[in-house]
Amino acid sequence: MPVLTEDFLLSTVNSVMKAIIDTVSGQFIEYNKDNEQYYLDLKKDIDYDAQIEKKAGALHDSQLNPYYYSVIYEMLDWDAPEYRTGYKIYEYYLNWEEKNICRFGYLFMGETNERPTTQPPRDFYVYFLPPYGELTAQDDKKDDEVFFKFIGDEGFKGKP
């Protein structure tokens, strides 16, 4: 005798509906997350969410880092040019109000292995480490370096 509990039936329906949505590439079927209902949408001939998921699935993790850096750059809300063309390195300064001076440094969107090639030396170095792929550079624990590492979850990566 099959199990006829409410949870079992609900999970069975959800898994069958997800299989149908995958089979038809998301066309004609919509899912409302607010009320957890599936419905037919006959005017929907292209499922853009499915197209995005398909494209994202084809990208390697290391290809996602430039998009992450683009988001960081937009969130900083400034239009500084790249210090070194082709590299995500920017001149950056901080106003030290108590001393009434500015401290000059660099902002790197990447790893520490690009620091030796960036001249002249500055007071500080800020790194936004790549969230995707393996880190290759070593952290030498220098006093003038600050690291920001994004730690997301599978929901952020878009993987169920």
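Analysis parameters
Residues numbered from 1 in each chain as written. Predicted model: local features only at pLDDT ≥ 70, side-chain atom pairs only at ≥ 80, totals over all residues. Heavy atoms only, no water. Helix = DSSP H or I, 4+ residues; strand = E, 2+ residues; numbered from the N terminus. Rg over C-alpha atoms; globule rule 2.2 N^0.38 Å. Buried < 20%, exposed > 50% of the residue type's maximum accessible area, 1.4 Å probe, protein only. Contact = heavy atoms within 4.5 Å. Areas by Shrake-Rupley, 256 points an atom, 1.4 Å probe, with all protein chains shown as cover. Lys, Arg positive; Asp, Glu negative; His and termini not counted. Charge placed at Lys NZ, Arg CZ, Asp CG, Glu CD. Core = buried A, V, L, I, M, F, W, Y, C linked by side-chain atoms within 4.5 Å. Pairing = 2+ DSSP bridges. Axes fitted to C-alpha atoms, helices over the stretch in contact; angles between N-to-C directions. pLDDT = per-residue confidence, 0-100. Salt bridge = Lys/Arg side-chain N within 4 Å of Asp/Glu carboxyl O. Patch = residues over 30% accessible without salt bridge, like charges linked within 9 Å, V, L, I, M, F, W, Y side chains within 5 Å.

Caption draft 1: Representation of the overall build of the protein chain in the model. A tally of regular secondary structure across the protein chain gives four helices and six strands. A compact globule built from 160 residues would reach a C-alpha radius of gyration of about 15 Å, whereas the protein chain, at 24 Å, exceeds it by more than 25%. Along the longest, intermediate and shortest principal axes, the C-alpha atoms of the protein chain span 75 × 35 × 35 Å. Here the protein chain, with 160 residues, has 22% of them falling under the buried criterion. Within the protein chain, contacts between residues at least 6 apart in sequence are counted, and of these 28% link residues at least 24 apart. Summed over all atoms, the accessible surface of the protein chain reaches about 12,400 Å², with 55% contributed by carbon and sulfur. Once the 17 positive and 30 negative side-chain charges of the protein chain are each reduced to a mean point, those two points are 5 Å apart.

Caption draft 2: Quick look at unusual backbone geometry. Here the amide bond leading from Gln 119 into Pro 120 is cis, since omega sits at 0°, within 30 degrees of zero. One can find Pro 120 in the loop between strand 4 (101–108) and strand 5 (124–129). Even without glycine at this site, Glu 36 takes up a positive phi of about 55°. Relative to the helices and strands, Glu 36 is located in the loop between strand 1 (29–32) and strand 2 (37–40).

Caption draft 3: Structural detail: the environment of Ala 58. Topologically, Ala 58 is positioned in helix 2 (residues 48–58). Judged by its relative accessible area of 63%, Ala 58 falls in the exposed class. The spatial distance from the C-alpha of Ala 58 to the C-alpha of Asp 79 is 31 Å, given a sequence separation of 21 residues.

Caption draft 4: Examining the nonpolar core more closely. Counting residues in hydrophobic clusters, the biggest one holds 12 residues: Tyr 68, Tyr 69, Ile 72, Tyr 73, Trp 78, Ala 80, Tyr 90, Leu 107, Met 109, Phe 124, Val 126 and Phe 128. If you list the elements that add at least two residues to this core, you get helix 3 (61–76) and strand 5. Counting residues per element, this core draws most heavily on helix 3, which supplies four residues. Residues contacting Tyr 69, with those up to four places away along its chain left out, are Met 109, Gly 110, Phe 128, Leu 129 and Pro 130.

Caption draft 5: Geometry of the sheet that holds strand 6 (residues 145–149). On the basis of which strands lie adjacent, the open sheet formed by four strands has the order 3-4-5-6 and mixed pairing. Two strands bound the open sheet, and with one partner strand each, they are strand 3 (89–96) and strand 6. Shown here is a sheet whose adjacent strand axes are inclined to one another by a mean of 25°, direction ignored. Sheet topology note: the strand 4/strand 5 ladder contains four bridges and is parallel. In the sheet register, Leu 107 faces strand 5, and the bridge partner there is Val 126. In the packing of helix 3 onto the sheet, contacts are made with strand 3, strand 4 and strand 5, and the angle to strand 5 comes to roughly 130°.

Caption draft 6: Inspection of the confidence of the model for the protein chain at higher detail. Overall, the prediction assigns the protein chain a mean pLDDT of 81, with 92% of residues at 70 or greater. Per-element mean pLDDT across the protein chain ranges from 64 in helix 4 (residues 154–157) up to 90 in strand 4.

Caption draft 7: Region of interest: the pattern of salt bridges. Applying the stated criterion across every chain, the model contains three salt bridges. Between Glu 91 and Arg 122 there is a salt bridge, with its nearest N and O atoms 2.8 Å apart. Taken together, the positions of Glu 91 in strand 3 and Arg 122 in the loop between strand 4 and strand 5 put the pair 31 residues apart, joining distant regions of the chain. Of the residues examined, Glu 91 reaches a relative accessible area of 42% and is grouped as partly exposed.

Caption draft 8: Structural detail: a nonpolar patch on the surface. A grouping of Leu 4, Phe 8 and Leu 9 is seen on the molecular surface, where their side chains present a nonpolar patch of about 300 Å² in accessible area. Note on placement: Leu 4 falls in the segment before helix 1 (6–23). Residue classification places Leu 4 among the exposed residues on the basis of a relative accessible area of 61%.

Caption draft 9: Structural context of the pairing of strand 2. Sheet topology note: the strand 1/strand 2 ladder contains four bridges and is antiparallel. Opposite Ile 29, over in strand 2, you have Leu 40 as the bridge partner. Joining the antiparallel neighbours strand 1 and strand 2 is a turn of four residues, in which Glu 36 adopts a positive phi near 55°.

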